[in-house]
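# Residue-level structural notes
Below are the chains, spelled out letter by letter.
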Amino acid sequence: MADTMKALAFLGSGKVGLVERPIPTAGPGDAVVRTTKALICTSDVHTVAGLLPVPEGRLLGHESVGVVHEIGEGVTSVQVGDRVAVNAVTPDGTCDNCQAGYTSQCGGPLGGYRFTVQKDGNMAEYFHVNDADYNLAPIPEGLADEVAVYACDMLSTGLIGSENANIPVGGSVAIFAQGAVGLSATLGAKLRGAGLVITVEGLANRQAVSRQFGADVVIDPASGNVAEQIIEMTNGGADSTVEALGHQATFEGALYATRPGGTLSNVGYHGESGPTVVMPLDAWGLGMAGKKIVTDLCPGGRLRMERLMRLLSNGKIDPTPMTTHQMGIDDVEEAFDMMTHKRDGIIKPLITF
């Protein structure tokens, strides 16, 4: 058997490339997974653009599923040959933040986000998983890998956006941006029992998927002041808003559109539009309008993955309309370029191994 693998690497600012690397090995408590399916995330694009400092040569990727190739000493929850999914966030499960339920903040702010940021990512033919018993979740029989892979990040992130938004049953929610995270938040809003789901998106193909996922109203940002339209159609502002892009304009619009006493849930990746987000105080009642702002990163851990895959297995949601392209690992550079420049109506490209 070969002792090297193909993987997508960061090769300097704005550059990626397919490289050959040694297949990783599993230390005590860890595992190595042979990849079968993966997705490229816009977060990878942000990282390559320089928003997160990573060393040249670091492998990219954090949305992969596959088959257990090797387990380290002490691993008991999985065996070699098991089909498994692993979250983009891989906490250790032991630190104070994990114990308190904030797995994505393992060891400190965003500390559970290890793939690419702290170690090699998993857009590779094989990848290493720390704390395997805490992080590896068996894929249920009958659930295809190309479906299960959505649990790794998009569903976990988008759904926490809706969970944190405190959507009342029958209440109104406005979701700003309908990329893969925003679309997943739209699925989540429907699951949470929202009575009115408003989404904000300018691209026609994403508008169509948004409606398919449960949006009752889709607002094109080119149509005028989005916040004013939401305030008018909800008689004073949405009960909940979700910011799923990470731009000043969408954050500001979401804050204005949230009714007094409502909740703005932020899962957008801020930084691309500038080093700071300006808080318009008039949108917040000079800081006293009772509006809540909740921020979060993709929650990790085995239990989170098992719950998400239960939704998929039982047909509660189907994220696969987001899969607009499918390519092999040899074409991953082209897929990454398509994501970078948003070509050909791309939402999520599925990479097969």
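Now for a look at the structure at hand. What you see as residue numbers is a count from 1 along each chain, following the sequence as written. Side-chain atom pairs in this predicted model are given and counted only at pLDDT of 80 or more, local residue features only at pLDDT of at least 70, and totals for whole chains, interfaces and linings cover all residues. Only hydrogens and water are set aside when side-chain values are computed; all heavy atoms of the structure are taken into account.

### Quick word on the overall build of the protein
Check the secondary structure of the protein and you find 11 helices and 15 strands. The quantity called the radius of gyration is restricted to C-alpha atoms. Its globule counterpart is 2.2 Å times the number of residues to the power 0.38. Expected size for 353 residues packed as a compact globule is a radius of gyration near 20 Å; at 20 Å, the protein falls within 12% of this value. Each of the three principal axes of the protein carries a C-alpha extent, and together these read 65 × 40 × 35 Å. By definition, residues are in contact when any of their heavy atoms lie within 4.5 Å. Counting only contacts in the protein whose residues sit at least 6 apart along the sequence, the fraction spanning at least 24 positions is 71%. Here the open area of atoms and residues is found with the Shrake-Rupley method and a 1.4 Å probe, where only the protein chains shown may cover a residue. Accessible surface, the protein as shown: approximately 14300 Å² in total, 51% of it carbon and sulfur. Positive charges come from Lys and Arg alone, negative charges from Asp and Glu alone, with His and the N- and C-terminal ends not counted. Where a charge sits is defined by one atom per residue type, namely NZ (Lys), CZ (Arg), CG (Asp) or CD (Glu). Put simply, the protein has 24 plus and 39 minus side-chain charges, and the middle of one group is 4 Å from the middle of the other. The numbering of helices and of strands both runs from the N terminus, where a helix is a DSSP run of H or I of at least 4 residues and a strand a run of E of at least 2.

### Considering helix α5 (residues 154-164)
Using a 1.4 Å probe on the protein chains alone, a residue whose accessible area is under 20% of its type maximum counts as buried, one over 50% counts as exposed, and one in between counts as partly exposed. For α5, a buried count of 10 out of 11 residues is recorded, marking the element as mostly surrounded by other parts of the structure. Those residues of α5 that sit buried are Met 154, Leu 155, Ser 156, Thr 157, Gly 158, Leu 159, Ile 160, Gly 161, Ser 162 and Asn 164. Structurally, α5 contributes buried residues whose contacts are with α6 (180-191), β11 (238-243), β12 (258-266), β13 (292-295), α10 (302-313) and β15 (348-352). Where α5 ends, the next residue or the one after it, Asn 166, has phi of about 55°, a positive value.

### A few points about the pairing of strand β9 (residues 196-200)
In terms of burial, β9 is largely enclosed, as 4 of its 5 residues are buried. Only strands that DSSP links by at least two bridges are regarded as paired with each other. Sheet topology note: the strand β8 (residues 172-176)/β9 ladder contains 5 bridges and is parallel. Residue pairing in the sheet places Ala 174 in a bridge with Ile 198 of β9. The β-α-β motif built from β8, the intervening α6 and the parallel element β9 has right-handed crossover chirality. Relative to strand β10 (residues 217-219), β9 runs parallel, the two being bridged by 3 bridges. When the bridges of β10 are listed, Ile 198 appears paired with Val 217. Seen with the strands pointing away from the viewer, any crossover whose path from the first strand over the helix to the second strand runs clockwise is right-handed.

### Here's the deal with the layout of surface pockets
The computed volume of the second largest pocket comes to approximately 520 Å³. Space inside and on the surface of the protein is sampled on a 1 Å grid over the protein atoms alone, with a cavity defined as a set of points where a 1.4 Å probe fits but cannot get out and a pocket as an open set with protein on both sides within 12 Å along at least 5 of 7 lines; lining residues have an atom within 4 Å of a point. Looking at the second largest pocket, it is lined by 26 residues, and the ones nearest its centre are Ile 160, Glu 163, Pro 299, Arg 304 and Arg 307. Elements with a contribution of two residues or more to the lining of the second largest pocket: α5, α6, β13 and α10. Gly is put with the polar residues, along with every residue not named as nonpolar or charged; the nonpolar set is Ala, Val, Leu, Ile, Met, Phe, Trp, Tyr, Cys and Pro, and the charged set is Asp, Glu, Lys and Arg. Residue classes in the lining of the second largest pocket are distributed as 11 nonpolar, 9 polar and 6 charged. Grid points are joined across faces, edges and corners, and a volume is the space filled by probe spheres set on the points.

### Quick look at the nonpolar core
Buried residues of nine kinds, namely Ala, Val, Leu, Ile, Met, Phe, Trp, Tyr and Cys, make up a nonpolar core once their side-chain atoms join them within 4.5 Å. Leu 155, Val 173 and Met 309 are the most contacted members of the largest nonpolar core, which has 42 residues in total. Looking at this core, the elements that each hand over two or more residues are α4 (145-148), α5, β8, α6 and α10. Sorting elements by how many residues they give to this core places α6 first, with 6 residues. Setting aside its immediate chain neighbours within four residues, Leu 155 contacts Tyr 150, Ile 160, Ser 184, Leu 187, Arg 304, Leu 308, Leu 312, Ile 317 and Pro 319. By size, the runner-up hydrophobic cluster in this structure holds 19 residues, among which are Ile 40, Ala 335, Met 338 and Met 339.

### Some details on a nonpolar patch on the surface
There is a patch of nonpolar side chains on the surface, built from Met 279, Leu 281, Leu 286 and Met 288 and spanning about 430 Å² of accessible area. Mapped onto the elements of the fold, Met 288 is located in the loop between β12 and β13. Residue classification places Met 288 among the exposed residues on the basis of a relative accessible area of 68%. Patches in this entry comprise residues that are over 30% relatively accessible and not in a salt bridge; like charges within 9 Å are linked, as are nonpolar side chains (Val, Leu, Ile, Met, Phe, Trp, Tyr) within 5 Å. For this document, the term salt bridge refers to a Lys or Arg side-chain nitrogen within 4 Å of an Asp or Glu carboxyl oxygen.

### Topic: helix α1 (residues 42-49)
Of all 8 residues that make up α1, 6 are buried, and the element is covered over most of its length. Listed in full, the buried residues belonging to α1 are Ser 43, Asp 44, Val 45, His 46, Thr 47 and Val 48. Next to the buried residues of α1 lie β1 (4-10), β2 (16-22) and α11 (332-341). Remark: Gly 50 follows α1 within two positions and exhibits a positive phi of approximately 110°.

### Observations regarding the environment of Lys 348
One can find Lys 348 in strand β15. A C-alpha to C-alpha distance of 22 Å links Lys 348 and Ala 174, two positions 174 residues apart in sequence. Not counting the four nearest positions on each side in its chain, Lys 348 is found in contact with Leu 39, Ile 40, Cys 41, Glu 63, Tyr 150, Met 154, Ala 180, Met 322, Thr 323, Thr 324 and His 325. Between N or O atoms, a polar contact is any pair within 3.5 Å; within protein, one atom must be a potential hydrogen donor and the other a potential acceptor, and residues adjacent in sequence are included only when both atoms are from side chains. From its side chain, Lys 348 meets the backbone oxygen of Ile 40 in a polar contact 2.8 Å long.

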